[in-house]
Amino acid sequence: MSRRPDPDQLVLAWLREPARVEGGRVLVRVLEQLDSTPQRGVSWTARRTLLSRRGVRIAIAAAAVLVLAIVGASILPRIGGFGPPEPTPTPSPRPLIVDFLAAGSYTLSPFGPPLDDVTFTFDVPEGWEGYEVGLFQATGWERPDGSGIAFQVIERLYSDPCHAEGRGDVDVGPTVDDLVSAFQAQDAYTTTAPTDIAVDGYPGTQINLLMPEVDLRTCDGLNFIIWEGGPTAQGGNRWQLRIIDVGAIRPVVVVAQDYEGTPAVDREEMHSIVNSIQIDT
Amino acid sequence: MDADLVVRAQRGDKGAFALMASELVDRFLDVSRRILRDLDLAEDATQQALLAIWRDLPQLRDPERFDAWSYRLLVRACYAEGRAQRRWTPNLRIMPALEPKAAEDWIGSVIDRDQLEAGFRRLSVDHRTVLVLHHYADMPLERVAQVLGIPVGTVYSRVHHAMRAMRAALEADARTASQEAAR
């Protein structure tokens, strides 16, 4: 009788056994679905919100004043020979990447001018994937069990999210209350009563949206889009919107989205990320 | 993958994508079947991965990174199928035996094969994935880390843990067999 090989050799040989696979059937199914699978130029998290030119000019002027104030504040104590002691260096958060994320602390400046100074810092557990303006569970954000977070600025809503081509037809004012009122005036989805919140000390309002069951095949571009430049929702999608006044020309919005079928552990991770958010402006 | 083909598919050329998909499908099906240990689930994962590649291709910034990126989509599809597997199909069908290599007679042992199969199924999808990518797809640990977006140290520890679990599965069987022989 032959001697039993080393267990590691057995495992490796088993793992490396050749196999005959025939993917022709899968290939046919994939090619059959190409026509009904539009390519995504931008993902639900990938759109950057552009603000109006007037807003840009106002913000540039405000930013110039802010820069002068910061420079002055940093120089004056040195001239006087006093000031707070240098802080002890701590590990710097990494910039969010469009990729799988290692567990750790990340920063993201998701907006174009004039809100490009707004930076979010948050802690991410293992198993998440980054996008340009947010992150989601690496297993996906889609129904029936995905989850994700996006950072947004909202200027205009669509009254008919199923036909959301071109500009949004509902202008939104520049305050937190304006945005909350605009959402409450819509009937394409369900909204909850707003509640006062604070995120990293910044005041805000939370309002939740529950998306209706909708056959996206009946919608323009297979999309159900709530606001201009915003993500596509899916039926049963639950969006928690934290609308935060950071003292800029518009509030920023942290969108945490999941589904009834999202595993509790994924939901807890999503909330832990949101609860860890720090905002620099 | 031919970068020109990738760029053409990024611009919506379905013929170019069909060529890419025909190159990828057997390899994807092979890898996903090894991770998921179920042909139907593997076919679904492969189909989802290929459609995700088509859908998200315009977002791939660097066509030279296609291989790592496409594997990442495949692994993500396997995770999704693995999750569905846990939830909906606790009693998996046994995968048909793969063709044994003549030089590996011991693997032909039904007991060993069953123990290896059972041990592998007890691993998480995370651990199965690193074993398959590293030991079957022959990816160096650094490349596995790149594909999965995790530190190399994490890949190493997962491989180590997974191999230890597989060894334990075999050794438990060996102990049982020797105890029965002693009776």
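Residues numbered from 1 in each chain as written. Chains lettered and ligands numbered in written order. Predicted model: local features only at pLDDT ≥ 70, side-chain atom pairs only at ≥ 80, totals over all residues. Heavy atoms only, no water.

A. View of the overall build of chain B. A tally of helices and strands in chain B yields 8 helices and 0 strands. In chain B, the order of α-helices and β-strands from amino to carboxyl end is α-α-α-α-α-α-α-α. The proportion of buried residues among the 183 residues of chain B is 50%. The long-range share in chain B, meaning contacts at least 24 apart out of those at least 6 apart in sequence, stands at 65%. Roughly 8,400 Å² of accessible area belongs to chain B as shown, and the carbon and sulfur atoms make up 52% of that amount. (Helix = DSSP H or I, 4+ residues; strand = E, 2+ residues; numbered from the N terminus. Buried < 20%, exposed > 50% of the residue type's maximum accessible area, 1.4 Å probe, protein only. Contact = heavy atoms within 4.5 Å. Areas by Shrake-Rupley, 256 points an atom, 1.4 Å probe, with all protein chains shown as cover.)

B. Quick look at the pattern of salt bridges. Following the criterion strictly, the structure yields 16 salt bridges over all chains and no others. A salt bridge links A:Arg29 to B:Glu43; its shortest N-O distance comes to 3.9 Å. Placement of the pair is A:Arg29 in helix H2 (residues 24–33) and B:Glu43 in helix H3 (residues 39–56), with the two residues belonging to separate chains. Taking the relative accessible area as the measure of exposure, A:Arg29 reaches 24% and is therefore partly exposed. According to the relative accessible area criterion, B:Glu43 is buried, its value standing at 5%. (Salt bridge = Lys/Arg side-chain N within 4 Å of Asp/Glu carboxyl O.)

C. A look at the confidence of the model for chain B. All names here are of chain B. Of the residues in chain B, 77% have a pLDDT of 70 or more, and the chain-wide mean is 77. Mean pLDDT in chain B bottoms out at helix H8 (residues 152–182), which sits at 73, and peaks at H3, which reaches 92. When the criterion is pLDDT under 50, residues 86–104 qualifies, and its contacts beyond four places in sequence or with other chains add up to 31 contacts. For this predicted complex, the interface confidence score (ipTM) comes to 0.75, while the overall pTM stands at 0.48. (pLDDT = per-residue confidence, 0-100.)

D. Summary view of the sheet that holds strand E4 (residues 119–124) of chain A. Residues and elements named next belong to chain A. Ordered by their spatial adjacency, 4 strands build an open sheet running E1-E3-E4-E15, and the pairing between neighbours is mixed. Of all the strands in the sheet, just strand E1 (94–95) and strand E15 (278–280) have a single pairing partner and so form its edges. Sheet topology places E4 next to E15; 3 bridges connect them, and they run antiparallel. Opposite Thr121, over in E15, you have Gln278 as the bridge partner. (Pairing = 2+ DSSP bridges.)

E. Main features of helix H6 (residues 125–136) of chain B. The buried fraction of H6(B) is high, at 9 of 12 residues. For H6(B), the set of buried residues is B:Val125, B:His127, B:Arg128, B:Thr129, B:Val130, B:Leu131, B:Val132, B:Leu133 and B:His135.

F. Focus on the packing of helix H2 (residues 14–36) of chain B against H6(B). Residues and elements named next belong to chain B. Look at H2 against H6: their axes get within 9 Å of each other, and the N-to-C directions meet at 135°. One way to sum up the angle between H2 and H6 is to call them oblique. Regarding H2 and H6, the two cross each other, and that crossing is right-handed. Residues Asp30, Val31, Arg34, Ile35 and Leu36 of H2 touch H6, and the partners they reach there are Val125, Arg128, Thr129, Val132, Leu133 and Tyr136. Broken down by class, the residue content of the contact of H2 with H6 amounts to 7 nonpolar, 1 polar and 3 charged. (Axes fitted to C-alpha atoms, helices over the stretch in contact; angles between N-to-C directions. Parallel < 35°, antiparallel > 145°, perpendicular 65-115°, else oblique. Left-handed = near helix turned anticlockwise from the far one by under 90°. Nonpolar A, V, L, I, M, F, W, Y, C, P; charged D, E, K, R; others polar.)

G. A look at the pairing of strand E14 (residues 252–258) of chain A. Residues and elements named next belong to chain A. By the criterion of burial, E14 is predominantly enclosed, with 7 of the 7 residues buried. Taken together, the 6 bridges between strand E7 (residues 147–152) and E14 define a ladder with antiparallel strand orientation. By the bridge assignment for E14, Ala150 is matched with Val255. Sheet topology places strand E13 (residues 238–244) next to E14; 7 bridges connect them, and they run antiparallel. Paired with Ile244 across the bridge in E14 is Val252.

H. Geometry of the state of the cysteines. All names here are of chain A. Taken as a whole, this structure holds 1 disulfide over all chains when the rule is applied. With a sulfur-sulfur separation of 2.0 Å, Cys162 is cross-linked through a disulfide to Cys219. Across the disulfide from Cys162 to Cys219, rotation about the S-S bond amounts to roughly -100°, and the bridge is consequently left-handed. Within this pair, whereas Cys162 is found in the loop between strand E8 (156–157) and strand E9 (170–171), its partner Cys219 is found in the loop between strand E12 (202–210) and E13, the two being separated by 57 residues in sequence. By the burial criterion, Cys162 is buried, and Cys219 matches it. (Disulfide = S-S within 2.5 Å.)

I. Quick peek at the environment of B:Ala162. All names here are of chain B. Tracing the backbone through its elements, the reader meets Ala162 in helix H8. Counting along the chain gives 32 residues from Ala162 to Val130, while the straight-line C-alpha distance between them is 8.5 Å. Residues in contact with Ala162, not counting those within four places in the same chain, are Leu123, His127 and Leu131.

J. View of the interface of chain B and chain A. Across the boundary between the two partners, chain B contributes 65 residues, which contact 52 residues of chain A. Counting each side, the surface lost to burial between chain B and chain A is near 5,400 Å², with a carbon and sulfur contribution of 56%. Across the contact surface, chain B and chain A share 6 salt bridges. A salt bridge links B:Glu43 to A:Arg25, with the nearest nitrogen and oxygen atoms 2.6 Å apart. Our count for the contact surface shared by chain B and chain A stands at 9 residue pairs in polar contact (both at pLDDT 80 or more). Contributions of two or more residues to the side of chain B that touches chain A are made by helix H1 (3–10), H2, H3, helix H4 (66–88), helix H5 (110–122), H6, helix H7 (141–148) and H8 of chain B. The leading source of residues in the side of chain B that touches chain A is H2(B), at 11 residues. Class assignment of the residues belonging to the side of chain B that touches chain A gives a composition of 29 nonpolar, 9 polar and 27 charged. (Buried area = accessible area lost by both parts, 1.4 Å probe. Polar contact = N/O pair within 3.5 Å; in protein donor to acceptor, adjacent residues only side chain to side chain.)

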